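Chain by chain, the residues run as shown.
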Amino acid sequence: MVWIVLGEKNGKIALVSKNNVSGLLPKGSYLTVEDGDTKFILRVDNSVQQEPYSPSPMIIDMDLSPLNQDQKCQNIITAYRVKDITNRTDGLIDYIRPQLIARRSNQEEINLALGSENNGPKVFLATVHASKNQLLCDESDNPLTANLPVDMFYHQMLICGKTGSGKTVATKYLAQYFVENLEEIGAVLAINVKDVDFLKMDQETNTSKSEILKEWHTLGENAHGIENFTVYYPANTTIPKSQGVNHDICDKITLDVKEIEPEALVGLLQGITDKAAQNLPSIFRWWQEDRRTKTEESYTFGDFVRYFSRGIDDKLYFSTLNTRGEESEITLHRGTYDNILRNLDHAVDFFDNEDALALNAKHILHRGTMSVINVTGSKGIQFGSILLRHLLHGIVDEKSSQRSKVPILIIIDEVHQFYNSNSSRDALGDLDTICRTGRSQKIGVIFSSQSPSDIPKGLSSVINTKIFFKSDVSSAKAHSIQITNDEMESLGKGYAAANIHELSQLKILKFPLAFAGVFEGDLNE
């Protein structure tokens, strides 16, 4: 199939199809024009049908059999230059001359056009045209792919989409790549807040769908689970056996009052200002340090709750200790005190369970390991809010001190349940530090949510890759996603519009089905 260059208009190249082209080349496709040793790679911006011998309406009314010419159609294309492959050194830009022949670009040319490296998770180039989703192909009808840059992981990612759009499956695919195929094999920590989304990554994906198997064949892959996989869950909860989770890889966890990072306790508090919430860590740090100096005593979180509850007798007057080791005193507002005490009472069961593991960053930072913390349910979310902050602090400490060089990817689903959407940078603490220094420390974060408005405002400016499955188009456009209303509404499962760090030419893509943790029921949602 070939197209002929007509010329340039308003900065775009116009082309028309020859007789051997039997259909429209979809928007987003790539064409290569050759002129001697020079190649021009174009990306289709618009593609329409034209009838060069449009029959007269009067002939149509005569009910005559149509002539071949009457039914002839041509594909008129406008495209813009993506990449010139030329040896020219005189400072001028080559013309794309009329009458030159264009053909569909091959994989090697696509890689040059996109600047795609040979490493990184592979995705399929795709398009949405006339409400139809399809993969882009070369002249031999082989699907075209692109490698997402590995550096993308460390510049923070936002993945949005409605339920059933493919958001969670895509996140699983990226997680599996990170622990299996990264050049410097990493570790993954995922927070599971809904059903069993991430709890079965040790099990291979179960599907017999031919199109999925064909995509895997293109990638040279097949279904397989993650070998080093652990599910952690709060000791005061259970994971029902009916959910199909392998209980042999599940461990109960608890929080240790002696080791918990004081700032992590902010995760307990709801309905309180950021400034007021910061009083609790300073009070707890003073109490924690006071107990540590009395080595003959054993103590629990319940002891701290009893200590705090006696504050009413001291007219809400508390000693504090800040992160610099400076002691001070503070008097709490009665409403703040009541809020904190109520949440402390609810959290006692999370701490100091003797038959459970006190999870810390060292348990997570192992190459080729995926760890999932199951925090489904209201109590689980509260537990997860404390533990997530504690682990993030530990990870930052391990990485910044060079005690660990393991790359780590942190997946936070429904982040608004752990951090208020209006959280300030101060309240975000280590999460803000990670997002701003992740590249140097090789710490990446994927925020997964149905709505980008759930992302704390203090973080939105440091998220450099945005991937939108079917979702609200206005939100997508606000995040620099180039997509029309009709295209967004037409996105099928697994198809997404994207703004990828260091891969700006990739606009529409399709994620392969994850090789682990996806089952027939998930595919039919």
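Everything below is about the structure shown above.
Residues numbered from 1 in each chain as written. Predicted model: local features only at pLDDT ≥ 70, side-chain atom pairs only at ≥ 80, totals over all residues. Heavy atoms only, no water.

*Asks:* Which parts of the structure should I look at to understand the overall build of the protein?
*Replies:* What the protein contains, in helices and strands, is 15 helices and 22 strands. For the protein, the accessible surface area stands at approximately 24,100 Å², while carbon and sulfur atoms represent 45% of it. Treating the 54 positive side-chain charges of the protein as one cloud and the 69 negative ones as another, the clouds have centres 3 Å apart. (Helix = DSSP H or I, 4+ residues; strand = E, 2+ residues; numbered from the N terminus. Areas by Shrake-Rupley, 256 points an atom, 1.4 Å probe, with all protein chains shown as cover. Lys, Arg positive; Asp, Glu negative; His and termini not counted. Charge placed at Lys NZ, Arg CZ, Asp CG, Glu CD.)

*Asks:* Please clarify how the packing of aromatic side chains should be interpreted in this entry.
*Replies:* Any two aromatic rings considered together are summarised by their centre-to-centre distance and by the angle between their planes. Per the stated rule, a full pass over the model turns up 21 aromatic pairs. On the numbers, 5.7 Å between centres and 70° between planes, the contact of Y173 with F515 is edge-to-face. Of this pair, Y173 sits in helix α3 (residues 167–180) while F515 sits in the loop between β22 (508–510) and α15 (520–523), and the two are 342 residues apart along the sequence. Side by side, Y173 and F515 carry an identical accessibility label, which is buried. (Phe/Tyr/Trp six-rings, centres within 6.5 Å; stacked < 30°, edge-to-face > 60°. Buried < 20%, exposed > 50% of the residue type's maximum accessible area, 1.4 Å probe, protein only.)

*Asks:* What should I look at first to understand the pairing of strand β11 (residues 187–192) in this one?
*Replies:* Successive residues of a regular strand alternate their side chains across the two faces of the sheet. Extensive coverage of β11 is indicated by the burial of six of its six residues. On β11, burial covers both faces: A187, L189 and I191 on one face and V188, A190 and N192 on the other are all buried. Where β11 lies against strand β18 (residues 408–413), five bridges are found, and the strand directions are parallel. Opposite V188, over in β18, you have L409 as the bridge partner. In terms of strand pairing, β11 meets strand β17 (residues 369–374) through five bridges, oriented parallel. Counterpart to N192 in the pairing with β17 is N374. (Pairing = 2+ DSSP bridges.)

*Asks:* Help me understand the pattern of salt bridges, please; the structure alone is not making it clear to me.
*Replies:* When charged atoms on two side chains of opposite charge get close, those side chains can pair. Summed over the entire model, instances satisfying the criterion amount to 27 salt bridges. Between R103 and E109 there is a salt bridge, and its shortest N-O distance comes to 2.7 Å. A single burial state applies to R103 and to E109, both of which are buried. Between E184 and R367 there is a salt bridge whose closest N-O contact spans 3.6 Å. (Salt bridge = Lys/Arg side-chain N within 4 Å of Asp/Glu carboxyl O.)

*Asks:* What's the story with empty space enclosed by the protein in this structure? I'm lost.
*Replies:* Think of a ball as big as a water molecule: rolled over the atoms, this probe shows where empty space is left. Overall, the coordinates contain one cavity of 30 Å³ or more when judged by the stated rule. Counted as a void, the largest cavity has a volume near 40 Å³. Around the largest cavity, the lining residues are G28, Y30, R43, L125, A126, L136, Q505, L506, K507 and I508. Residue composition of the lining of the largest cavity, grouped by class: six nonpolar, two polar and two charged. (1 Å grid on protein atoms, 1.4 Å probe; cavity = no way out; pocket = protein on both sides within 12 Å on 5 of 7 lines; lining within 4 Å. Points joined across faces, edges and corners; volume = space filled by probe spheres on them. Nonpolar A, V, L, I, M, F, W, Y, C, P; charged D, E, K, R; others polar.)

*Asks:* What is the right way to read the nonpolar core from this model?
*Replies:* The tendency in soluble globular proteins is for nonpolar side chains to be buried as a group. Residues M370 and F447 are the most contacted members of the largest nonpolar core, which totals 148 residues. Per-element accounting of this core gives the leading share, nine residues, to helix α10 (residues 378–400). Setting aside anything within four residues of it in sequence, one finds M370 in contact with A175, V179, V188, A190, F198, M201, I226, N228, F229 and T230. Among the nonpolar cores identified, the runner-up in size contains 16 residues, and L15, V21, V33 and L42 belong to it. (Core = buried A, V, L, I, M, F, W, Y, C linked by side-chain atoms within 4.5 Å. Contact = heavy atoms within 4.5 Å.)

*Asks:* Even after reading the chapter, I still don't get α3, so can you show me in this structure?
*Replies:* Helical periodicity: at 3.6 residues per turn, an α-helix aligns residues three or four positions apart in one direction. In a regular helix each residue adds 1.5 Å, so 14 residues correspond to 20 Å; α3 covers 20 Å between its end C-alpha atoms and thus fits that length. In terms of residue burial, α3 counts as a mostly covered element, since twelve of its 14 residues are buried. What α3 keeps buried is the set K167, T168, A170, T171, K172, Y173, L174, A175, Q176, Y177, F178 and V179. (Expected span 1.5 Å × (residues − 1).)

*Asks:* Looking at this structure, I do not really get the layout of surface pockets. What am I missing?
*Replies:* Roughly 400 Å³ of volume is contained in the second largest pocket. Secondary structure elements with two or more residues in the lining of the second largest pocket: α6 (279–293), α9 (361–364) and α10. Broken down by element, the lining of the second largest pocket gets its largest block of residues, seven residues, from α10. Here the residues of the lining of the second largest pocket are counted per class, giving eight nonpolar, six polar and eight charged.

*Asks:* What should I look at first to understand the packing of helix α7 (residues 301–309) against helix α8 (residues 334–347) in this one?
*Replies:* In a packed pair of helices, the relevant descriptors are the angle between the two axes and the axis-to-axis distance. In the contact formed by α7 and α8, the axes pass within 10 Å of each other and the chain directions differ by 160°. By the angle class used here, α7 and α8 are roughly antiparallel. Considering only the axes of α7 and α8, their crossing is left-handed. Side by side, α7 and α8 meet where F301, F304, V305, F308 and S309 of the first sit next to Y337, I340, L341, L344, D345 and A347 of the second. (Axes fitted to C-alpha atoms, helices over the stretch in contact; angles between N-to-C directions. Parallel < 35°, antiparallel > 145°, perpendicular 65-115°, else oblique. Left-handed = near helix turned anticlockwise from the far one by under 90°.)

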